Amino acid sequence: MNFELLAEEALAIESGGIAAAQWSWQAHAAHLRRGVVKPEDLTGRRNDFMIRHAMELQGVELKEVLDDPKKARGSARALPCATREIDRACLRLTPVDSSVLPAFSAAVTLRFRLLAPLLTRDDDPFYLFDNPVRKDHVYGVPFLAAASLKGLAADAFQRGFPHERPWKALGKDDQLRTMHYRQDSAAAKRLFGIASDDPAQLASEAGRLHFSPLWFSHVQYLVMNPTRTDGSGIGTQPIQFEAVAPMTEKGKPVQAEINFFYFNPAGAKDSDEATARADLACFVGALAAWWPALGLGAKRLAGYGAIAPLAATCRATGYPDMPQALEFSGAESWRQLAERIAKGKA
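Here's a quick rundown of the structure.

## Points about the layout of surface pockets
Right, so step 1: Roughly 390 Å³ of internal volume is contained in the second largest pocket.
Right, so step 2: For the second largest pocket, the lining is made up of 23 residues, of which R92, P213, W215, E257 and N259 are closest to its centre.
Right, so step 3: Looking at the lining of the second largest pocket, the elements with two or more residues in it are strand 4 (106-114) and strand 12 (255-262).
Right, so step 4: Top element by residues in the lining of the second largest pocket is strand 12. It accounts for 6 residues.
Right, so step 5: Its residues assigned to classes, the lining of the second largest pocket shows 13 nonpolar, 7 polar and 3 charged.

Here it is in structure tokens:
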């Protein structure tokens, strides 16, 4: 956001002048929030933003739609974010150098294509929309946090390697069930660790997996009509969501990559080659099976955040059969990487 522009009322977007055209869509969204004192005012500002920036108007002039928003019709637009600044700040670094890690550690990159809008939730209390996508607060670039990725990865692993007892039988809530699952599954405990609020009964333990944030490049807006609980129809007040867009403003598919590394603690219990190889292969295999089926982010079961694998790369250290990086491409690349790690040299 350009604070110099926001400081001058004469440069407001409503003026439509040359200076206003210099604003990014994010600066417009921030500016439109100014002066809102009633909910109906905010609704009008949202409609104005959607019409000006987030819709491809079809057969209707901008001025005509601004005078009567009910005439607005068109498809959602993809709005680009300032990824160049993120790169200049070195926030999207390449994966960790596996050569500096202990033996039988590995750095993995999983590349994919986003097929549907991805939903996350930001904690910004001063935003134009009630459901903003999570963005870096300095550069405004959308991302999925490393902790969120680890949680989604743990869910995939639990689905791929379930407990012998039903999930709900492991405890009264998900936190207790997760603790019991990892207590009983040595592989899950090694991969994800375990956190306990009661060190007298169970000591916390860090996992061997470490994720980087997942960065994206474009945002779009969704309008949903809420369903009434009595099943009589849909609500009258639309709910607007900000989402990660699966297409660029030029109509090209959005691609992204997940980076993580497996840190094998040399000399610790269960740090031999066979254990590390099995842990990594099982984990990548679980992601290959479940993430393309379930997607990433929120509301996955409704179809949001769907992905398709594109490529997989693994740089390991200490494995005699993997002196160089393993690289696979295509829809089956993630699964192929898991099988290659598990079987060793073909």
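## Considering the pattern of salt bridges
Two side chains with opposite charge may pair up if their charged atoms get near one another.
Right, so step 1: For the coordinates displayed, the defined rule picks out 17 salt bridges.
Right, so step 2: Ionic pairing is found between R52 and D48, a salt bridge with its closest N-O pair at 2.9 Å. Of this pair, R52 and D48 both sit in helix 3 (residues 39-54), separated by 4 residues, roughly a single helical turn.
Right, so step 3: Notably, a salt bridge pairs R190 with D279, separated by 2.7 Å at the nearest N-O pair.

## Some words on unusual backbone geometry
Right, so step 1: A positive phi angle is found at F104, which is not glycine, with a value near 70°.
Right, so step 2: Tracing the sequence through the fold places F104 in the loop between helix 5 (83-88) and strand 4.
Right, so step 3: You will see that D270, though not glycine, has its phi angle at about 55°, which is positive.
Right, so step 4: Tracing the sequence through the fold places D270 in the loop between strand 12 and helix 9 (273-294).

## With respect to helix 2 (residues 25-32)
Right, so step 1: Taking burial as the measure, the 8 residues of helix 2 include 7 buried ones, the bulk of the element.
Right, so step 2: Taken together, the buried positions of helix 2 are occupied by W25, Q26, A27, H28, A29, H31 and L32.

## Observations concerning the pairing of strand 10 (residues 218-224)
Right, so step 1: Judged by how many residues are buried, strand 10 sits mostly within the fold: 6 of 7 residues are covered.
Right, so step 2: Examined bridge by bridge, strand 3 (residues 79-80) and strand 10 share 2 bridges and lie antiparallel to one another. Residue P80 lies in a different strand from strand 10, and its bridge partner there is H218.

## A few points about the environment of S99
Right, so step 1: For S99, the position within the fold is in the loop between helix 5 and strand 4.
Right, so step 2: In this structure, the C-alpha to C-alpha distance between S99 and T317, residues 218 residues apart in sequence, is 6.0 Å.
Right, so step 3: Within the structure, the side chain of S99 is placed 2.7 Å from the side chain of D97, a separation counted as a polar contact.

## Details of the sheet that holds strand 3
Within a sheet, adjacent strands bond to each other through the backbone by hydrogen bonds, running parallel or antiparallel.
Right, so step 1: The 3 strands are arranged 3-10-11 in an open sheet whose pairing can be described as antiparallel. The sheet is open, and its two edges are formed by strand 3 and strand 11 (239-244), each paired on a single side.

## A closer look at the nonpolar core
Right, so step 1: Ranked by internal contacts, the top residues of the largest apolar core, which has 70 residues, are I258, F260, F283 and W291.
Right, so step 2: Per element, the largest residue contribution to this core is 9 residues, and it comes from helix 9.
Right, so step 3: Discounting residues that sit within four places of it in the chain, F260 has contacts with A106, A107, V108, L110, L209, H210, F211, L280, F283, V284 and L287.
Right, so step 4: L119, F241, A243 and Y304 belong to the second largest nonpolar core, which has 6 residues in total.

So, how was this worked out
Residues numbered from 1 in each chain as written. Predicted model: local features only at pLDDT ≥ 70, side-chain atom pairs only at ≥ 80, totals over all residues. Heavy atoms only, no water. 1 Å grid on protein atoms, 1.4 Å probe; cavity = no way out; pocket = protein on both sides within 12 Å on 5 of 7 lines; lining within 4 Å. Points joined across faces, edges and corners; volume = space filled by probe spheres on them. Helix = DSSP H or I, 4+ residues; strand = E, 2+ residues; numbered from the N terminus. Nonpolar A, V, L, I, M, F, W, Y, C, P; charged D, E, K, R; others polar. Salt bridge = Lys/Arg side-chain N within 4 Å of Asp/Glu carboxyl O. Buried < 20%, exposed > 50% of the residue type's maximum accessible area, 1.4 Å probe, protein only. Pairing = 2+ DSSP bridges. Polar contact = N/O pair within 3.5 Å; in protein donor to acceptor, adjacent residues only side chain to side chain. Core = buried A, V, L, I, M, F, W, Y, C linked by side-chain atoms within 4.5 Å. Contact = heavy atoms within 4.5 Å.

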